[in-house]
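Results of the structural survey
If you want the building blocks of each chain, they are given just below.
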Amino acid sequence: MHIWVDADACPNPIKDILFKAAQRCQVPLTLVANHTIRIPPSPLIKFRQVESGFDVADNHIAQLVTAGDIVVTGDIPLAADVVEKGAQVISPRGEHFTPANIRQRLAMRNLMEELRNTGEVRGGPSSMGNVERQQFANALDRLLAAHKK
């Protein structure tokens, strides 16, 4: 098992949770982004910088992920791609994307994008607080515990 992080938009508090979990569970963790990200010194934690461009980091993760890996992303199309490969996916807010819910989430994302483009809907998600951080930590712990079984 490997943890892959779509790190371009991953909040720092979530990265901190991931760093601690990788160390605690001795699981390799790779952050992928098109800009430099600081990581703690650890043989388990790596950073891969990719070229700038639309979906470059997403495509990199999608190519390397294997069944049983965990992917952290808020990008629904990437989540759909890696769920098909048998990976477990959670968003930085702790939402678990599965084969049972990913198509519905993709359809909702496409609808919301269309509504934003027409001006019917404005704004984005609420800011991330302690509740969302705890939801993420709990979701990650559940996936890591399931892997140990």
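See the structure shown above.
We now turn to the structure provided with this report.

Analysis parameters
Residues numbered from 1 in each chain as written. Predicted model: local features only at pLDDT ≥ 70, side-chain atom pairs only at ≥ 80, totals over all residues. Heavy atoms only, no water. Helix = DSSP H or I, 4+ residues; strand = E, 2+ residues; numbered from the N terminus. Expected span 1.5 Å × (residues − 1). Buried < 20%, exposed > 50% of the residue type's maximum accessible area, 1.4 Å probe, protein only. Arc of directions from axis to C-beta. Contact = heavy atoms within 4.5 Å. Pairing = 2+ DSSP bridges. Core = buried A, V, L, I, M, F, W, Y, C linked by side-chain atoms within 4.5 Å.

**Focus on helix 5 (residues 130–148)**
For helix 5, spanning 19 residues, the distance from its first C-alpha to its last is 27 Å, which sits close to the expected 27 Å at 1.5 Å a residue. Of the residues making up helix 5, those classed as buried are Glu-132, Phe-136, Ala-137, Ala-139, Leu-140, Leu-143 and Leu-144. Looking straight down helix 5, one finds that the buried residues subtend no more than 165° of arc, so they occupy a single side. Turned more than 90 degrees from where helix 5 packs its buried face, Asn-130, Val-131, Arg-142, Ala-146 and Lys-148 sit exposed. Taken together, the buried residues of helix 5 touch strand 1 (3–6), helix 1 (12–25), strand 4 (70–72), strand 5 (88–90) and strand 6 (96–97).

**Brief notes about the sheet that holds strand 2 (residues 29–33)**
The strand order across the open sheet formed by six strands is 3-2-1-4-5-6, and the pairing between neighbours is mixed. Every interior strand has two partners, whereas the edge strands, strand 3 (45–49) and strand 6, have only one. Here strand 5 runs beside strand 6; their pairing, made up of two bridges, is antiparallel. Pairing of Val-89 across the sheet is with Phe-97, part of strand 6.

**Focus: the nonpolar core**
If you look at the biggest cluster of nonpolar residues, it comprises 25 residues, and the most contacted ones within it are Ile-3, Val-5, Leu-18, Leu-29, Leu-31 and Leu-144. Those elements that place two or more of their residues in this core are strand 1, helix 1, strand 2, strand 4 and helix 5. If you tally residues by element for this core, the top one is helix 1, at six residues. Discounting chain neighbours no more than four positions away, the residues touching Leu-18 are Ile-3, Val-5, Leu-29, Val-72, Phe-136 and Leu-140. The next biggest cluster of nonpolar side chains, apart from the first, holds 19 residues, and it includes Trp-4, Val-83, Phe-97 and Ile-102.

Functional significance is not addressed by these values, which are geometric in nature.
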